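Here's the letter readout for the chains.
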Amino acid sequence: MDEPAPFEQWLAAQASTVDPFDHIRQASEAHRQQHGAACTVYPTSRAPLWGVVAGAIRANRILEIGTGLGYSALWLAYGAPEANVSTIEVDPDHAALARANVRKAGYANRIKIANTRAIGFLADYDEQVDVIFCDGDLDEYGDYPAHFMRLLRVGGLLITANLFAGWYTPDMPGLDSAIAYRNQTLGDQRLLTTFIGANAISLRIR
Ligand SMILES: C[S@@+](CC[C@H](N)C(=O)[O-])C[C@H]1O[C@@H](n2cnc3c(N)ncnc32)[C@H](O)[C@@H]1O
Ligand SMILES: [Zn+2]
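Described in the following lines is the structure provided in the data block. Just so you know, these numbers come straight off a predicted model, no measurement behind them.

Below, the discussion takes up the packing of helix α3 (residues 47–56) against helix α4 (residues 71–79). As a packed pair, α3 and α4 sit with axes 7 Å apart at the nearest point and diverge in direction by 30°. Classed by the angle they form, the pair α3 and α4 counts as roughly parallel. α4 is crossed by α3, and the crossing has right-handed handedness. For the pair α3 and α4, the contacting residues are Ala 47, Pro 48, Trp 50, Gly 51, Val 52, Ala 54 and Gly 55 in the first and Tyr 71, Ser 72, Trp 75, Leu 76, Tyr 78 and Gly 79 in the second. Here the residues of the contact of α3 with α4 sort into nine nonpolar, four polar and no charged.

What follows concerns unusual backbone geometry. Its identity as a non-glycine residue notwithstanding, Arg 58 has a phi of 50°, on the positive side. Counting through the fold element by element, Arg 58 comes out in the loop between α3 and β1 (61–65). Classification of Arg 58 by C-beta neighbours within 10 Å gives exposed; the count is 11. Positive phi is not limited to glycine here, since Asn 162 has a value of about 75°.

Counting 50 residues, the largest nonpolar core has Ala 54, Ile 62, Leu 74, Leu 76, Ala 77, Val 131 and Ile 132 as its most contacted members. The biggest single contributor to this core is α4, with seven residues. Leave out the neighbours within four places in its chain, and Ile 132 touches Leu 63, Phe 148, Leu 152, Leu 158 and Ile 159.

In terms of residue burial, β1 counts as a mostly covered element, since four of its five residues are buried. Pairing of β1 with strand β2 (residues 84–89) involves five bridges; the strand directions are parallel. Bridging from a neighbouring strand, Ile 65 pairs with Ile 88 of β2. In the classification by handedness, the crossover that spans β1, the intervening α4 and the parallel β2 is right-handed.

The rules behind these values
- Residues numbered from 1 in each chain as written.
- Chains lettered and ligands numbered in written order.
- Predicted model: local features only at pLDDT ≥ 70, side-chain atom pairs only at ≥ 80, totals over all residues.
- Axes fitted to C-alpha atoms, helices over the stretch in contact; angles between N-to-C directions.
- Helix = DSSP H or I, 4+ residues; strand = E, 2+ residues; numbered from the N terminus.
- Parallel < 35°, antiparallel > 145°, perpendicular 65-115°, else oblique.
- Left-handed = near helix turned anticlockwise from the far one by under 90°.
- Contact = placed C-beta atoms within 7 Å.
- Nonpolar A, V, L, I, M, F, W, Y, C, P; charged D, E, K, R; others polar.
- Buried ≥ 20, exposed ≤ 12 C-beta atoms within 10 Å, placed from the backbone.
- Core = buried A, V, L, I, M, F, W, Y, C linked by C-beta atoms within 7 Å.
- Pairing = 2+ DSSP bridges.
- Right-handed = clockwise from strand over helix to strand, strands pointing away.

Take a look at the structure:
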């Protein structure tokens, strides 16, 4: 069931007090509307929750696919004050805007943005991570689980957005890849998976 409207209204009115990065969320929305139809910068409404859970498990190393303009990366770094965040963004304009936002917010020492396609980055990446937030376009999703399971420590969290995007846009490219990802992660006995809204959150238990 959705939250009742009065709560939603109250929360929206508090946004700038309870969310130090609300201006970046708003800038992300504004950017998408003027960048054009191919732009997929949809800042996650759950960024504060991802920050809280990353802090709760005392994350040291966080990996994000899909930086956008940096909203969720900032929340992850804010929530987990001991963590370094590596975030991957394929679009050079997004990466440049995110770098500027991160610098202005004072997090350039803990958030590193790689301007490249995620799958190539993952193939060369070899650090053990505590949290992965997967929030990119769907076309590469089917190839991510093998890398994620190589990198994610036992006790770490894999958070996945966009798995149900096909419900909203049935002709979206990459739906087969998203289904392959869903089947691999849900069928993986090393992961305990549940859902928060349309996001999957998986705890690595073995
Ligand atoms: C939903 S937005 C990310 C929003 C961001 N996580 C936030 O909450 O503020 C998706 C982003 O992923 C980027 N992207 C899409 N596919 C990618 C890929 N294969 N590798 C790296 N970045 C990708 C897009 O350019 C876009 O900026
Ligand atoms: Zn854009």
